[in-house]
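Observations on chain architecture
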Amino acid sequence: MTGVTIRTVHDVAGIAAVTRYFCEVWQTPHDAPPYPAEVLHSLVHAGGAVHAAHDGDRLAGASVAVFGPGQEIYSLVAAADRGLGYAVKQAQREWALDHGALTMRWTFDPLVGRNARFNLVKLGAVGTEYLTDFYGPMTDGVNDGDESDRLTATWDLTARPRSYDTGDREAAPVMAFAPDGGPLVRRDRADRYMYCRVPGDIVRLRAADPLAALRWRHAVREVFTEAFVEGFVAAGMSRDGWYTLGRKEDVA
C-alpha cells in the first residue's frame, strides 16, 4: 500500500476522472459512461460519497455510496486495480461508520467467483438476496449478451470477521450437474449446507461461447432461487469455485 492514497472526491476534475476510470473498467466509450459525472456530482451533493484511490499519480480505484433506509449504506459501485479492492471497501466502511451506518449492501454477479470470494470470505459479507435479471439487458463491454442476475451482499460493518463452518463438501451427495457435465449442486444429508459451483471464468466464457454462459446463468439461478426460498443464504466461496450456502439462522 506504499504510495496509495484514498480520499473522498468533491471537485469537478476529480469526479470526471472517476467517470473515465469506470469507462475503462466497463469498456464503454467515454461519451457513454456507465456513471456520468453529473450523476456522481448529484449523489455527492445529496450526501453520498465518491472515493478515489490513487497509486502515486495514477487513479487505481473508485467507489460510490449513498444512504439507504435506516442505518444502512448502499454501495452503488466499487472497482479497483488488483490488490486495492480491500482498501477501497475499507475506506467506504470507515466513511459509513463515521456517518452512523451499521450495514452496507451492494450487488454483484454471482457467476464471478473471484468477486464472490472477496465479498463473502475476505470482507465477511453474506449473500442475502438473489435478483433475477436485475438491470435488464446490459450493453457494456463486460456484461453484453448476458442476463444481469445479481446477488445482494449484506455487510455488518460493526462485526468482527466471522468464522463459519462450511461442512464437508466432498461428502455431500451430488444433486444436479452443470452445463459442462461436472457437479453443479451438492447437499449434505443433514440439510444444513448446500454447495453450488460456478464456472472458472464467466467473463472469458461469455466472450467465447455466449450460449454456454447463458446455460450456466440459468442453472445457477435455479439453484439459488430455490435455496433462498428454503431459507439458505450464501456464506462462503472456495478457491475452486464452490459457493457454500448455509441456513440463515446459522450464518447471521
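Quick note: structure is the one above.
What comes next concerns the included structure.

Parameters at a glance
Residues numbered from 1 in each chain as written. Predicted model: local features only at pLDDT ≥ 70, side-chain atom pairs only at ≥ 80, totals over all residues. Heavy atoms only, no water. Helix = DSSP H or I, 4+ residues; strand = E, 2+ residues; numbered from the N terminus. Buried < 20%, exposed > 50% of the residue type's maximum accessible area, 1.4 Å probe, protein only. Contact = heavy atoms within 4.5 Å. Areas by Shrake-Rupley, 256 points an atom, 1.4 Å probe, with all protein chains shown as cover. Lys, Arg positive; Asp, Glu negative; His and termini not counted. Charge placed at Lys NZ, Arg CZ, Asp CG, Glu CD. Phe/Tyr/Trp six-rings, centres within 6.5 Å; stacked < 30°, edge-to-face > 60°. Lys NZ or Arg CZ within 6 Å of the ring centre and 35° of its normal. Core = buried A, V, L, I, M, F, W, Y, C linked by side-chain atoms within 4.5 Å. Expected span 1.5 Å × (residues − 1).

Along its length, the protein chain carries seven helices and twelve strands. Referenced to the eigenvectors of the C-alpha coordinate spread, the extents of the protein chain come out at roughly 55 × 40 × 35 Å. Per-residue burial over the protein chain gives 48% buried out of 252 residues. For the protein chain, contacts bridging at least 24 residues in sequence account for 61% of all contacts bridging at least 6. Of the accessible surface of the protein chain, which amounts to about 12500 Å², a share of 52% is contributed by carbon and sulfur atoms. Of the charged side chains in the protein chain, 27 are positive and 33 negative; the average position of the first set lies 5 Å away from that of the second.

The phi dihedral of Asp133 is positive, around 45°, even though this residue is not glycine. With respect to the helices, strands and loops of the structure, Asp133 is situated in the loop between strand 6 (126-131) and strand 7 (150-156). Even without being glycine, Asp191 reaches a positive phi, approximately 65°. Examined against the element boundaries, Asp191 turns out to sit in the loop between strand 9 (183-187) and strand 10 (193-197). Asp191 sits in the partly exposed class, given a relative accessible area of 28%.

This part is about the packing of aromatic side chains. Across all of its chains, the model carries eleven aromatic pairs by this definition. Seen in terms of ring centroids, Trp106 and Trp155 are 5.9 Å apart; in terms of plane orientation they differ by 90°. Their pairing is edge-to-face. Linking Trp106 in strand 5 (residues 103-108) with Trp155 in strand 7, this pair joins segments that are 49 residues apart in sequence. Each member of the pair Trp106 and Trp155 is classed as buried. Put simply, the rings of Tyr21, Phe22, Trp26 and Tyr35 touch in pairs and so form one group of aromatic residues. Over the ring of Trp106 we find Lys89, and its NZ or CZ is 3.8 Å from the ring centre.

Nonpolar side chains in soluble globular proteins tend to be buried together. One finds Leu184, Phe224, Tyr243 and Leu245 to be the most contacted residues of the largest nonpolar core, which totals 40 residues. Residue contributions to this core peak at eight residues, all from helix 6 (residues 210-229). Among the nonpolar cores identified, the runner-up in size contains 16 residues, and Val9, Tyr21, Ala37 and Ala62 belong to it.

Residue position: Leu40 is located in helix 2 (residues 37-45). Look at Leu40 and you get buried, because its relative accessible area is 0%.

Mapped onto the fold, Asp31 is located in the loop between helix 1 (12-26) and helix 2. The exposure class assigned to Asp31 is exposed, which follows from its relative accessible area of 71%. Separated by eleven residues in sequence, Asp31 and Arg20 have C-alpha atoms that sit 9.5 Å apart.

This part is about helix 6. With 20 residues, helix 6 ought to run about 28 Å at 1.5 Å a step, and its terminal C-alpha atoms sit 28 Å apart, in line with that. Among the residues of helix 6, Ala212, Ala213, Trp216, Arg217, Ala219, Val220, Arg221, Val223, Phe224, Ala227 and Phe228 are the ones counted as buried. Directly after helix 6, the chain includes Gly231, whose backbone phi takes a positive value near 100°.

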